[in-house]
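Overview (structure and organization)
Residue strings, one per chain:
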Amino acid sequence: MKIHIIGAGPGAADLITLRGYRLIQEADVVLYADSLVNEELMTDVKPSAEVVKTAGMHLEEMVEMMVNRLQEGKKVVRVHTGDPAVYGAIMEQIGLLKNAGVEIEIVPGVSSVFASAAELQAELTIPDLTQTVILTRAEGRTPVPEFEQLKDLAKHHCTISLFLSATLTKKVVKELMDAGWSKETPVAVVYKATWPDQKIVRSTLEHLDEDMKKNGIRKQAMILAGWALDPSIHEKDYRSKLYDKEFTHGYRRGVKS
Ligand SMILES: C[S@@+](CC[C@H](N)C(=O)[O-])C[C@H]1O[C@@H](n2cnc3c(N)ncnc32)[C@H](O)[C@@H]1O
């Protein structure tokens, strides 16, 4: 018995992988998180397929359904938003499924962090400016481990990607400022990246909270903070070694200018 856990991508139906889409088409049972996964992905399921929306279900209920259907000899897939590896709550499903003797295969998806960067036409790692991206969330009702507090992570002054934090912008701003970030630091927010009602808000640390309020963004938003998000970064002269004509690497010999 095997189940596929599939990353659906951030929203736009054509941002799922070919493999993920083929598995949905071949499945007898498709469970999907209907709050965030695009319903269009269900257009080409088999006419006999059972399509189950899981937003209103709890973990045990879902796993029981998956195991029952697998025991009936059906092909079952579980579709998650973005990439299942980040904030996908898959490990608790995997634990119960493995206990029931189910094999797991995961198909990656385009995470909202990368879809948002694409919509912003941003590079999150700019040579000589920052070479690190931290994927995290602000602490709200869900606790964040002591050593991962935003103010500590922010001491690296790299690019920070904040999931699940749209209602916590006051806290985000305070923690980044406590870490020494200037109030002019660029912050970009992408609401529902790649959906038809996508909204992009470019702000600074100082104005982030009021800009989020002004635009009515309280959920489904990716917050990207740091100087890599400077809207005029492409006019500045940050260059990688990769395409530097004087730099020799495995595929090209550098030339002296
Ligand atoms: C439960 S997490 C799932 C993340 C998902 N696994 C991913 O890789 O994008 C949900 C959070 O992801 C972010 N998110 C998911 N889809 C998004 C989208 N289309 N645009 C912006 N943010 C999104 C938001 O921060 C949202 O609160």
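The structure displayed is predicted, hence computed values, not measured ones.

Some points on a nonpolar patch on the surface
A cluster of nonpolar side chains, namely Leu 15, Val 110 and Phe 114, defines an oily patch on the protein surface of about 240 Å² accessible area. Owing to a relative accessible area of 31%, Leu 15 belongs among the partly exposed residues under this scheme.

Here we look at the site of the ligand
Around the ligand sit 17 residues, and of these Val 86, Ser 111, Ser 112, Ala 193 and Ala 221 come closest. One nitrogen or oxygen atom from the main chain of Thr 81 is found 3.1 Å from a nitrogen atom belonging to the ligand. The separation between an oxygen atom of the ligand and a polar main-chain atom of Leu 164 is 3.0 Å. Burial of the ligand by the surrounding chains reaches 92%, relative to a free accessible area of 560 Å². A class-by-class count of the residues in the shell around the ligand yields 10 nonpolar, 5 polar and 2 charged.

Concerning the sheet that holds strand 1 (residues 2-7)
Read from one edge of the open sheet, 5 strands run 3-2-4-1-5, paired in parallel fashion. Of all the strands in the sheet, the pair left with one neighbour each is strand 3 (50-53) and strand 5 (103-107). Here the strands of the sheet are splayed against their neighbours by 20° on average, with no regard to which way each runs. Across 4 bridges, strand 2 (residues 29-32) lies against strand 3 in parallel orientation. Bridge pairing in strand 3 places Leu 31 opposite Val 52. The strands touched by helix 2 (residues 59-71) within the sheet are strand 1, strand 2, strand 3 and strand 4 (76-80), with strand 4 carrying the most contacts at an inclination of about 150°.

Focus: the environment of Ser 257
With respect to the helices, strands and loops of the structure, Ser 257 is situated in the segment after strand 10 (221-225). Accessibility expressed as a relative area gives 68% for Ser 257, which makes it exposed. For the pair Ser 257 and Leu 129, spaced 128 residues apart in sequence, the C-alpha separation works out to 25 Å. Setting aside chain neighbours within four positions, we find Ser 257 in contact with Lys 245 and Glu 246.

Things to note about the pairing of strand 10
Among the 5 residues in strand 10, 5 count as buried, and that is most of the element. Burial along strand 10 is two-sided: Ala 221, Ile 223 and Ala 225 facing one way and Met 222 and Leu 224 facing the other are all buried. Two strands pair when backbone bridges link them, and strand 7 (residues 159-163) and strand 10 are joined in this way by 3 bridges, in the antiparallel orientation. The residue bridging Ile 160 from the neighbouring strand is Ala 225, located in strand 10. Note that strand 8 (residues 186-191) and strand 10 share 5 bridges and pair antiparallel.

Regarding the domain arrangement of the protein chain
The accessible area lost on association of the parts is a frequent measure of interface size. Here the domain parsing of the protein chain yields domain 1 (2-107) and domain 2 (112-235). Taking only C-alpha atoms into account, the centre of domain 1 sits 29 Å from that of domain 2. Contact with domain 1, which involves 10 residues of that partner, is made by 11 residues of domain 2. Both faces combined, the contact of domain 1 with domain 2 buries some 800 Å², and carbon together with sulfur accounts for 71% of it.

A word on the side chain of Gln 93
Topologically, Gln 93 is positioned in helix 3 (residues 91-99). Here the side chain of Gln 93 touches Arg 78 through a polar contact of 3.1 Å, side chain to side chain. Discounting chain neighbours no more than four positions away, the residues touching Gln 93 are Leu 59, Val 63, Met 66, Arg 78, His 80 and Gly 88.

Let's talk about the pattern of salt bridges
On inspection of all chains with the given rule, the structure shows 15 salt bridges. A salt bridge links Lys 2 to Glu 105; the shortest N-O distance between them is 2.6 Å. You can see Lys 2 sitting in strand 1 and its partner Glu 105 sitting in strand 5, a full 103 residues away along the chain. Of the residues examined, Lys 2 reaches a relative accessible area of 33% and is grouped as partly exposed. Using a relative accessible area of 27% as the deciding quantity, one classes Glu 105 as partly exposed. Between Asp 28 and Lys 46 there is a salt bridge, and its shortest N-O distance comes to 2.7 Å.

So, the environment of Asn 215
Mapped onto the elements of the fold, Asn 215 is located in the loop between helix 7 (208-214) and strand 10. What makes Asn 215 partly exposed here is its relative accessible area of 28%. Residues Asn 215 and Arg 78, 137 residues apart in the sequence, show an inter-C-alpha distance of 33 Å.

Parameters and conventions
- Residues numbered from 1 in each chain as written.
- Predicted model: local features only at pLDDT ≥ 70, side-chain atom pairs only at ≥ 80, totals over all residues.
- Heavy atoms only, no water.
- Patch = residues over 30% accessible without salt bridge, like charges linked within 9 Å, V, L, I, M, F, W, Y side chains within 5 Å.
- Areas by Shrake-Rupley, 256 points an atom, 1.4 Å probe, with all protein chains shown as cover.
- Salt bridge = Lys/Arg side-chain N within 4 Å of Asp/Glu carboxyl O.
- Buried < 20%, exposed > 50% of the residue type's maximum accessible area, 1.4 Å probe, protein only.
- Near = heavy atom within 4 Å.
- Polar contact = N/O pair within 3.5 Å; in protein donor to acceptor, adjacent residues only side chain to side chain.
- Nonpolar A, V, L, I, M, F, W, Y, C, P; charged D, E, K, R; others polar.
- Pairing = 2+ DSSP bridges.
- Helix = DSSP H or I, 4+ residues; strand = E, 2+ residues; numbered from the N terminus.
- Axes fitted to C-alpha atoms, helices over the stretch in contact; angles between N-to-C directions.
- Contact = heavy atoms within 4.5 Å.
- Domains from an automatic or database assignment.
- Buried area = accessible area lost by both parts, 1.4 Å probe.

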